[in-house]
Amino acid sequence: MAYVTGLRCRECGRAYPAEALHVCEYCFGPLEVTYDYERIAAETTRETIAAGPNSIWRYANLLPANGHGDVDLGAGYTPLVRADRLAAELGLGELWLKNDTVNPTGSFKDRVVAVALARARELGFKVAACASTGNLANSVAAHAARAGMQHVVFVPADLEAGKIVMTSVYGPHLVAVEGSYDDVNRLCAELTSERPTWAFVNVNLRTYYAEGSKTLAFETAEQLGWQAPDHVVVPVGSGSQLTKIAKGFEELGKVGLLDEAPHVRVSGAQAVGCSPIATAFTEHHDYVRPVKPSTIAKSIAIGNPADGWYALDVVRSSGGAFAAVTDEELVDAMILLARTEGIFAETAAGVTIATLAKLAAAGVVRRDERVVAYVTGHGLKTIEAVASRARPHATIAPTLDAFNDALGAELEDSSS
Ligand SMILES: *Cc1c(COP(=O)(O)O)cnc(C)c1O
Ligand SMILES: [Zn+2]
């Protein structure tokens, strides 16, 4: 927080103080946090970062909260794993997976929530709230419980059972709304003006929330020995995460932490059943037309994406691409990822890996590139997606004969 200079409208450039503001009063453009990059550059080195905590807060100088609050569950600092077996299946060269399934509540949302609620505490808020497609609900409820804050969480009523349980277990105020995420979001926007003392992490605190996703870029670069990758593939709901990963690499270049100026191609992944931004990309539109979502990739099923235009702009100007995959393709990709790399990830990650496969086959993601794919949520959250295809291989009586009859010939004998 020491280096934040204020907020600025992304459209008209007007400046605002660093309070719970999210839209420009003049043009309704979204607000963005601004920093004193010269001072950050002068006072931040690879060594000062390495001496920090093993969490997103090692990058506190580039975040809009100081992080020493009571909401901390240790988000971030997740593994970046080399994925040679998956790369071979996809015809790629150097492929890495950022495994965000291992965050405190099992998704990358812990990064954005940790930042939003740390800032909310600094601003004096006592109630945490959000409109969620599932993972945000899990994370807000857990972080609020940790801090002893009240929390009121709104989700679409048709959410996966795992996400309902993983939210309500932390406290009582989970509200299931009969409608899509876009209906939930509209309700929360109305509630924000009615209840200005609630910290809606992705509404009135959105400016701070969004900044948390930059840590996905910071960690990736640090884990690659302070180098940026050539190409990243990111799952897209609202588009916030994708735009902030791009901003994160740029900032590292700006404050002199990278060996070379970053040139990162950014590609976005959506499900065919909710692909408003991918459609705008393919059809060369300058606007994102809202859709009614229908996909099992519920965590990214946002029909009217708040950062859709900005995500489109980042992908186009970086030389990346958008693609969309079917529910069947994303389930195949969930199983492929588990089978080749030992990572069981949720439907959104299935979308990412299936899109990576598609872009690799089309020659957009290239064999000579160092590629990072963001695996953003744990598979146990959406277990129904693969349940019918992940059953015991055989069910047998507890005898050697039964085992040998069923499987003996199929399996290797380790002594030979
Ligand atoms: C929310 C979410 C996303 C998409 O993030 P946006 O910032 O809304 O684009 C991707 N993956 C998972 C698992 C999520 O929960
Ligand atoms: Zn403005």
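You'll find the structure just up there.
If you're wondering where the values come from, they're calculated on a predicted model, not measured in any experiment.

(A) Spatial organisation of the coordination of the zinc ion (ligand 2). Here the zinc ion (ligand 2) is held by the protein donor atoms C9 (SG), C12 (SG), C24 (SG) and C27 (SG), which lie 2.3 Å from it. Each of the 4 donor atoms bound to the zinc ion (ligand 2) contributes to angles spanning 96 to 120°, and the resulting shape is tetrahedral. By relative accessible area, which is 2% here, C9 ends up buried.

(B) Highlighting the state of the cysteines. Scanning the model with the defined rule gives 0 disulfides in all. C274 takes part in no disulfide bond, and the closest cysteine sulfur, belonging to C188, lies 18 Å away. When its relative accessible area of 1% is taken as the criterion, C274 is described as buried.

(C) Expanded view of the site of ligand 1. Around ligand 1, a shell composed of 16 residues is seen, among which K109, N135, G237, S238 and T376 lie nearest. Contacts to ligand 1 include N135, whose side-chain N or O atom sits 2.8 Å from an oxygen atom. A distance of 2.9 Å separates an oxygen atom of ligand 1 from a polar atom in the backbone of G239. Under a 2 Å grid-point criterion requiring more than half of the atoms, the pocket assigned to ligand 1 is the largest cavity. The residue inventory of the shell around ligand 1, partitioned by class, reads 5 nonpolar, 9 polar and 2 charged.

Conventions we followed
Residues numbered from 1 in each chain as written. Chains lettered and ligands numbered in written order. Predicted model: local features only at pLDDT ≥ 70, side-chain atom pairs only at ≥ 80, totals over all residues. Heavy atoms only, no water. Donors = N, O, S within 2.8 Å, 3.2 Å for Na, K, Ca; no water. Tetrahedral: all angles 85-135°; square planar, octahedral: opposite > 155°, others 65-115°. Buried < 20%, exposed > 50% of the residue type's maximum accessible area, 1.4 Å probe, protein only. Disulfide = S-S within 2.5 Å. Near = heavy atom within 4 Å. Polar contact = N/O pair within 3.5 Å; in protein donor to acceptor, adjacent residues only side chain to side chain. 1 Å grid on protein atoms, 1.4 Å probe; cavity = no way out; pocket = protein on both sides within 12 Å on 5 of 7 lines; lining within 4 Å. Sits in = over half its atoms within 2 Å of the grid points. Nonpolar A, V, L, I, M, F, W, Y, C, P; charged D, E, K, R; others polar.

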